[in-house]
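# Structural features, examined
So you can see what is in the structure, the chains are spelled out below.
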Amino acid sequence: MEEYAREPCPWRIVDDCGGAFTMGAIGGGIFQSVKGFRNAPIGFRHRLRGSANAVRIRAPQIGGSFAVWGGLFSTIDCGLVKLRRKEDPWNSITSGAMTGAVLAARSGPLAMVGSAMMGGILLALIEGVGILLTRYTAQQFQNQIILGEDSGPFPPKDSSPQKGYPGYGQYQ
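Residue numbers restart at each chain and count upward from 1, following the sequence in its written direction. Whole-chain, interface and lining totals are the exception, using all residues; otherwise, since this is a predicted model, local features are given only for residues with pLDDT of at least 70 and side-chain atom pairs are given and counted only at 80 or more. Hydrogens and waters are ignored; side-chain quantities use all the structure's heavy atoms.

- The name given to the protein in an unreviewed UniProt entry is Translocase of inner mitochondrial membrane 17 homolog B (yeast), with the source organism recorded as Erpetoichthys calabaricus.
- UniProt positions are given in the numbering used here, feature names are shortened, and annotations may be inferred rather than shown by experiment. Regarding the protein, the relevant UniProt record gives this comment under Subcellular location (unreviewed entry): "Mitochondrion inner membrane".
- Entered under Function (unreviewed entry) in the UniProt record, the comment concerning the protein runs "Essential component of the TIM23 complex, a complex that mediates the translocation of transit peptide-containing proteins across the mitochondrial inner membrane."

### So, the pattern of salt bridges
- The term salt bridge refers to a side-chain nitrogen of Lys or Arg lying within 4 Å of a carboxyl oxygen of Asp or Glu. Following the criterion strictly, the structure yields 3 salt bridges and no others.
- A salt bridge links arginine 12 to aspartate 77, with the shortest nitrogen-to-oxygen separation between them at 3.6 Å. Placement of arginine 12 in helix H1 (residues 9-39) and of aspartate 77 in helix H2 (residues 44-84) is noted, with a sequence separation of 65 residues between them.
- Taking the shortest distance from any N to any O, the salt bridge between arginine 12 and glutamate 87 comes out at 3.3 Å. In this pair, arginine 12 sits in helix H1 while glutamate 87 sits in the loop between H2 and helix H3 (89-103), placing the two residues 75 residues apart along the sequence.
- Given a relative accessible area of 5%, arginine 12 falls into the buried group.
- For glutamate 87, a relative accessible area of 49% translates into the label partly exposed. Put simply, DSSP H or I for four residues or longer makes a helix, DSSP E for two residues or longer makes a strand, and each gets a number counted from the N terminus. When a residue's accessible area, from a 1.4 Å probe over protein chains only, is under 20% of the maximum for its type it is buried; when over 50% it is exposed; and in between it is partly exposed.

### Overview of helix H4 (residues 109-140)
- Expected span of a helix: the number of residues minus one, times 1.5 Å. Compared with the 46 Å implied by 1.5 Å per residue over 32 residues, the 47 Å span of H4 between its first and last C-alpha is a close match.
- Among the residues of H4, those classed as buried are Ala116, Gly119, Gly120 and Leu123.
- Two residues qualify as a contact provided that any one of their heavy atoms is within 4.5 Å of a heavy atom in the partner residue. The inward-facing, buried residues of H4 contact H2 and H3.

### Here we look at the packing of H3 against H4
- Direction vectors running N to C along H3 and H4 enclose 150 degrees, while the axes themselves pass 6 Å from each other. Accordingly, the angle class assigned to the pair H3 and H4 is roughly antiparallel. Classified by chirality, the crossing of H4 by H3 is right-handed. Side by side, H3 and H4 meet where Pro89, Ser92, Ile93, Gly96, Ala97, Gly100 and Ala101 of the first sit next to Met112, Ser115, Ala116, Gly119, Gly120, Leu123, Ala124, Glu127 and Ile131 of the second.
- A breakdown of the residues in the contact of H3 with H4 according to their chemical character gives 9 nonpolar, 6 polar and 1 charged. To define axes, lines are fitted to C-alpha atoms, for helices over the stretch in contact only, and angles between the resulting N-to-C directions are given on a 0 to 180 degree scale. Roughly parallel means an angle under 35 degrees; roughly antiparallel, over 145; roughly perpendicular, 65 to 115; everything else is oblique. Left-handed is the label given to a crossing in which the near helix is rotated counterclockwise from the far helix by less than a right angle, and right-handed is the label when the rotation is clockwise. As a working rule, the residues Ala, Val, Leu, Ile, Met, Phe, Trp, Tyr, Cys and Pro are called nonpolar, Asp, Glu, Lys and Arg charged, and the rest polar, with Gly in that last group.

### Description of the side chain of glutamine 32
- Here glutamine 32 lies in helix H1.
- For glutamine 32, a relative accessible area of 6% gives the class buried.
- If near-sequence neighbours (up to four positions away) are discounted, glutamine 32 is found in contact with Ser51, Ala54, Val55, Arg58 and Ile62.

### Concerning unusual backbone geometry
- Phi angles above zero are rare outside glycine, and arginine 85 is one such case at about 60 degrees.
- Topologically, arginine 85 is positioned in the loop between H2 and H3.

### What to know about the packing of aromatic side chains
- The rule is short: rings of Phe, Tyr and Trp, with Trp giving its six-membered ring, pair when the centres are within 6.5 Å, and they are stacked under 30 degrees, edge-to-face over 60, tilted in between. Per the stated rule, a full pass over the model turns up 2 aromatic pairs.
- Seen in terms of ring centroids, phenylalanine 37 and phenylalanine 44 are 6.2 Å apart; in terms of plane orientation they differ by 75 degrees. Their pairing is edge-to-face.
- Accessibility expressed as a relative area gives 57% for phenylalanine 44, which makes it exposed.
- A ring pair is formed by tryptophan 69 and phenylalanine 73, whose centres lie 5.2 Å apart and whose planes are at 10 degrees; its orientation type is stacked. Note that tryptophan 69 and phenylalanine 73 are positioned in helix H2 at a spacing of 4 residues, about one turn of the helix.
- For phenylalanine 73, a relative accessible area of 11% gives the class buried.
- A positively charged side chain is recorded as over a ring if its NZ (Lys) or CZ (Arg) lies within 6 Å of the ring centre. The angle to the ring normal must also be within 35 degrees. Positioned above the aromatic ring of phenylalanine 37, the side-chain terminus of arginine 47 is 5.7 Å from the ring centre.

Here it is, written out as structure tokens:
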């Protein structure tokens, strides 16, 4: 089974940034449509207009926030890959922690530490689940070990009846 190959580092940043924007815009659009519908005045037309307005105003902002997070995460991840000369889950975990810290820098050192811990823990959970899923699915595709020639469902070629095969004991 082949592992998913990622883009080389300069293009990975653009790819992750665009993917994060798309995910944020779609998820934000769904969330804001429900929120705008619920907060609009009574009447179906008013609610639909409120829903569309909320999506038009807030979904691109949420997508942009996701894009900033994804771009910064990928930039730090590529830097760590270049610095450490290997690609492993520790790069992602460290990138998540550093991204959280950088994005919370304007709120002070305490907020930076808290955001770094949350980012690191979140990425550790994501990487851990990914590793567990990879191991679980890899076990399903392992080749079966053949123990011997006569372990199959058919009798051996010498045609003498043996114990455990159909027809054993018929002629005895």
